Amino acid sequence: MKLIFANNIDNRTCTYLLKNTFLILFITLTFLFITNSSYAAGIDSNSPELSAAEPELQGTITDEFGAPIKGTQVEVFTYYFSATLPTLAVATTDENGHYTIQQFDRSARPGYKGIKFSIKGYQVYRSLPSSVHIFNFRFPDVLSSVSGNITLDRLGAIPIPGYTVSYDICVSSGHCMPLHSAITDDTGHFTITYIESDYGDPGHRGVNADPNHSGFEIGKTAISPPPGTLYGVVNGFLELANANVRVNGTVELVDVGTTKINLYGAFAFFNLLDKEYSLKITPSDWDAQYFVPIQKNNVRPSNTPLAIILPPAPDLKPPVTTDDSTLGWHNDDQTIHLGATDERSGVQTTYFSLDNATFAEGNVVSINGDGVHSLQYFSIDKAGNQEELKTVKVKIDKTKPYVVPPVSMSFYQTDVINLHFDINDPLSGVTLSEIILDNSVIENPTSFEPLALTVGDHAIHITASDAVGNSTEINFVLHISINSAHFMEVLKIGQDRGLIDNMGIYKSLSEKAKHSSWDALEKEISAQSGKHINSDYARLLLDDIKYITTH
């Protein structure tokens, strides 16, 4: 008996030639793998180390609508290559679909740990890493599938109905487990739906025709079922010549018609016959196609990845230029460096313009002087691709804040004094300012009522800083004066405020002031201080008399 595979991968033909004098039978097994959608995998969560009181493994089994499935037996087992060792633990889901396995020996050797169970007639296998203590599973909304035909002849004219076909996963060729099975219809066609598994590896998966059946009768001849596991794999990656750069794109197995999209330059085709193929490669970034022959010895159940080196690609992308400027204001001159990169042909020239000046070549820009400067730049690569214009703002403030005092800094003691200092920084702005009058901080603006300040000079000290640390310190003098005419107003204000509580004394003081009898006035004020004249107010009057008589 001899097994022959046909060249057409979409129409694989398995032929059993049984030489005897009565019958030559050709049996064709054609596999068309149709993956309806990605399967809904169990949700494995790597939980932190559990305490001794917590379950070793727990989870929930639900249907595709999220409803719990009761009575599902969950089994933890161990496997090692082709050998399956005894079951480690078993649990059954309750009415909430929940199961709990209190403990099992994760260190059992030899072998890897797995979990398996049957749900709605479908077998589920999953690997169980040592760090996983919670395993939840929801029945997938859409199942994966594989389909084909079983016939007695190469042309498919004589179908074999009622034949059991299963889809298996294998740790190796010595140990396989079925995911699901189907029976061929009247036309010999079968479709197997199944739940995808991460058990085993993709090179050891395939369709077995009635693997548990010892044979079946066709006429008087017993025909053993064909081994259904498909063959090898071709995988590799794409690189640019002399660049050591992975290339993304589309790889098509020409005589199979199957297209795969690269992931970081890698590609893989599974379940191939032991024959020669040809790859059609279409890179993503340029308009070109390449055909690469794949030799027969590259199609194996497990093979070394092929490094396919593509010729240098045409450069269709412009370069990318960046600058090292920093946001915000600066209190010194700035030097900006422009850096350009290009994946293919390389950077030819970088151009820049400062404050709308003519563009010049270069990648180092010196920016001096206060203000908000506009730097524009772009680059051109060696293939002539020009980058879009980029703009960055560079802000420089080297100037201290300024202070403008009020129009007048000289007042009579009887005036209402309004002080407002204009403290400003037109660039980065004032962030801190302080005004000190006679060692006391005052607001800006501020006001003083009549008699609030004594006569003479008052020192004002102002400090201000901007956003980049430029600071200003400046001093001013506020002069308060009095004369004989305004002294009469000082007496009237004191009488109005009750600082002189005797009308006779007020009239006596006013009369002496009117005739500039300063000595007599000084003696009377001193005599009445703390009695009929407020003591603080008396001192102010005496200071005023002294000022008048000395100026």
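You'll find the structure just up there.
Below: a short report on this structure.

Parameters at a glance
- Residues numbered from 1 in each chain as written.
- Predicted model: local features only at pLDDT ≥ 70, side-chain atom pairs only at ≥ 80, totals over all residues.
- Heavy atoms only, no water.
- Helix = DSSP H or I, 4+ residues; strand = E, 2+ residues; numbered from the N terminus.
- Buried < 20%, exposed > 50% of the residue type's maximum accessible area, 1.4 Å probe, protein only.
- Contact = heavy atoms within 4.5 Å.
- Areas by Shrake-Rupley, 256 points an atom, 1.4 Å probe, with all protein chains shown as cover.
- Pairing = 2+ DSSP bridges.
- Axes fitted to C-alpha atoms, helices over the stretch in contact; angles between N-to-C directions.
- Core = buried A, V, L, I, M, F, W, Y, C linked by side-chain atoms within 4.5 Å.
- Phe/Tyr/Trp six-rings, centres within 6.5 Å; stacked < 30°, edge-to-face > 60°.
- Salt bridge = Lys/Arg side-chain N within 4 Å of Asp/Glu carboxyl O.
- Parallel < 35°, antiparallel > 145°, perpendicular 65-115°, else oblique.
- Left-handed = near helix turned anticlockwise from the far one by under 90°.
- Nonpolar A, V, L, I, M, F, W, Y, C, P; charged D, E, K, R; others polar.

### Overview of the overall build of the protein chain
Thought 1: What the protein chain contains, in helices and strands, is four helices and 42 strands.
Thought 2: Relative to its full complement of 551 residues, the protein chain shows a buried share of 43%.
Thought 3: A sequence separation of at least 24 residues applies to 63% of the contacts in the protein chain between residues at least 6 apart.
Thought 4: A total of about 28,700 Å² of accessible surface is found on the protein chain, and carbon and sulfur atoms cover 52% of it.

### A word on the sheet that holds strand β31 (residues 364-367)
Thought 1: Reading across from one edge, β26-β28-β31 is the order of the three strands in this open sheet, with antiparallel pairing throughout. Strand pairing shows two members of the sheet lacking a second neighbour, β26 (320-323) and β31, which therefore form its edges. Taken pair by pair, the neighbouring strands of this sheet meet at an average axis angle of 20 degrees, ignoring direction.
Thought 2: Across four bridges, the pairing between strand β28 (residues 334-341) and β31 is antiparallel. Opposite Gln334, over in β31, you have Ile367 as the bridge partner.

### What to know about the sheet that holds strand β27 (residues 329-330)
Thought 1: Here we have five strands laid out as an open sheet, ordered β27-β33-β32-β29-β30, and mixed in their pairing. Each having just a single partner strand, β27 and β30 (360-361) make up the two edges of the open sheet.
Thought 2: Of the strand pairs in this sheet, strand β29 (residues 347-354) and strand β32 (residues 371-381) are connected by seven bridges, and their pairing is antiparallel. Opposite Leu354, over in β32, you have Leu375 as the bridge partner.

### A short note on the nonpolar core
Thought 1: Leu419, Phe421, Ile460, Phe487 and Leu491 are the most contacted members of the largest nonpolar core, which totals 41 residues.
Thought 2: Within the residue set of this core, elements represented by two or more residues are β36 (417-419), β38 (430-437), β41 (456-466), β42 (471-481), α1 (484-496), α2 (503-514), α3 (518-528) and α4 (535-550).
Thought 3: With seven residues, α4 is the largest single contributor of residues to this core.
Thought 4: Ignoring sequence-local partners within four residues, the contact set of Phe421 consists of Val403, Val404, Pro405, Pro406, Met409, Ile435, Asn444, Ile460, Ile462 and Phe476.
Thought 5: Within the second largest apolar cluster, 23 residues are counted, among which are Leu240, Val247, Ala288 and Val299.

### Notes on the packing of aromatic side chains
Thought 1: What the rule picks out here adds up to seven aromatic pairs.
Thought 2: Taking 6.3 Å as the distance between ring centres and 65 degrees as the angle between the ring planes, the aromatic pair formed by Phe117 and Phe135 counts as edge-to-face. Within this pair, whereas Phe117 is found in strand β9 (residues 112-119), its partner Phe135 is found in strand β11 (residues 132-138), the two being separated by 18 residues in sequence. Each of the two residues, Phe117 as well as Phe135, counts as buried.
Thought 3: Among the aromatic residues, ring-to-ring pairing joins Phe117, Phe135 and Phe137 into one connected group.

### A short note on the pattern of salt bridges
Thought 1: Counting across every chain of the model gives eight salt bridges.
Thought 2: A salt bridge links Lys116 to Glu75; the nearest nitrogen and oxygen atoms lie 3.8 Å apart. With a gap of 41 residues between them, Lys116 in strand β9 and Glu75 in strand β6 (residues 73-80) connect regions that are remote in the sequence. Residues Lys116 and Glu75 agree in their burial class; the two are buried.

### Describing the packing of α2 against α3
Thought 1: At a closest axis distance of 8 Å, the pairing of α2 and α3 adopts a crossing angle of 155 degrees. By the angle class used here, α2 and α3 are roughly antiparallel. Here the hand of the crossing between α2 and α3 comes out left-handed. When α2 is examined against α3, the residues Ile505, Ser508, Leu509, Lys512 and Ala513 are found in contact with a partner set consisting of Trp518, Ala520, Leu521, Glu524, Ile525 and Gln528.

### Description of the packing of α3 against α4
For any two helices packed against each other, one specifies the crossing angle of their axes together with the interaxial distance.
Thought 1: In contact at an axis separation of 10 Å, α3 and α4 are set at 165 degrees when each is read in the N-to-C sense. What the angle tells us is that α3 and α4 run roughly antiparallel. Judged by the sense of rotation from one axis to the other, the crossing of α3 with α4 is left-handed. Across from Trp518, Leu521, Glu522, Ile525 and Ser526 in α3, the residues of α4 making contact are Ala538, Leu541, Leu542, Ile545, Ile548 and Thr549.
Thought 2: For the contact of α3 with α4, a count of residues per class yields eight nonpolar, two polar and one charged.

### Notes on the pairing of strand β33 (residues 390-396)
Thought 1: Alignment of β27 against β33, held across two bridges, turns out to be parallel. Opposite Trp329, over in β33, you have Lys395 as the bridge partner.
Thought 2: The pairing of β32 with β33 spans seven bridges and is antiparallel. In the strand pairing of β33, Val372 is matched with Lys395.

Honestly, that's just the spatial picture; any functional story needs more than this.
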